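Each chain, letter by letter, is given below.
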Amino acid sequence: MKSLPGHVQQYSTSPVFTEDTVPKGLLKVHNTKSGVWGLICVSEGELDYIIEDKEKIILNPENKGVVEPEVKHHIKPRGAVSFFIEFYK
């Protein structure tokens, strides 16, 4: 699993989402802007983090998902889940 580079700093955090409140845009292929990193943090349950044309990673409270700038990806809840996303640049 990738990690955040040492030089980035957190600048924002999303609200906590569940399988019922996750924004539809996160379920479709999307990407962050140039220079923007994300860290998907699952509080409860599991979430599929799909990096387009590369890999699928199962996220849970012990396994966070690093979103690289401009890399196309989407997520898919695996049943009941709660999670949030930290943003860095």
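Given the structure is predicted, the values throughout are model-derived calculations rather than measurements.

Sorry, what's going on with the pairing of strand S3 (residues 37-51) here?
On a regular strand, each side chain points to the face opposite its neighbour's, so the side chains alternate between the two faces of the sheet. Within S3, 11 of the 15 residues are buried, which leaves it mostly tucked inside the rest of the structure. Pairing of S3 with strand S6 (residues 73-88), which is carried by 13 bridges, proceeds in the antiparallel orientation. Considered in S6, the bridge of Gly45 is made with Val81. Sheet analysis places S3 next to strand S4 (residues 55-59), joined by 5 bridges and oriented antiparallel. Looking across to S4, one finds that Ile50 is bridged to Lys56. Taken together, S3 and the strand that follows it, S4, pair antiparallel across an intervening segment of 3 residues, in which Asp53 is found at a positive phi of about 60 degrees.

Mind showing me how you'd approach the side chain of Asn60 here?
Checked against the element boundaries, Asn60 lands in the loop between S4 and strand S5 (65-67). By relative accessible area, which is 17% here, Asn60 ends up buried. A polar side-chain atom of Asn60 sits 2.9 Å from the main-chain amide nitrogen of Glu62. Leaving out residues up to four positions away in the same chain, Asn60 has contacts with Val42, Gly45 and Glu46.

When you look at the packing of aromatic side chains in this model, what are you seeing that I'm missing?
A ring pair, where both rings are aromatic, is described by two values, the distance of the centres and the angle of the planes. According to the stated counting rule, one finds 2 aromatic pairs in the structure shown. With a centroid separation of 6.5 Å and an interplanar angle of 45 degrees, the aromatic rings of Tyr11 and Phe87 are classed as tilted. Of the two residues, Tyr11 is situated in strand S1 (residues 10-13) and Phe87 in strand S6; the sequence distance between them amounts to 76 residues. With a centroid separation of 5.6 Å and 55 degrees between ring planes, the pair formed by Phe17 and Phe83 is classed as tilted. Separated by 66 residues along the polypeptide, Phe17 in strand S2 (residues 17-18) and Phe83 in strand S6 bring together distant segments of the chain. Grouping residues by exposure puts Phe17 and Phe83 together as buried. Just above the ring of Tyr11 sits the side chain of Lys89; from NZ or CZ to the centre is 4.7 Å.

Parameters and conventions
- Residues numbered from 1 in each chain as written.
- Predicted model: local features only at pLDDT ≥ 70, side-chain atom pairs only at ≥ 80, totals over all residues.
- Heavy atoms only, no water.
- Buried < 20%, exposed > 50% of the residue type's maximum accessible area, 1.4 Å probe, protein only.
- Helix = DSSP H or I, 4+ residues; strand = E, 2+ residues; numbered from the N terminus.
- Pairing = 2+ DSSP bridges.
- Polar contact = N/O pair within 3.5 Å; in protein donor to acceptor, adjacent residues only side chain to side chain.
- Contact = heavy atoms within 4.5 Å.
- Phe/Tyr/Trp six-rings, centres within 6.5 Å; stacked < 30°, edge-to-face > 60°.
- Lys NZ or Arg CZ within 6 Å of the ring centre and 35° of its normal.

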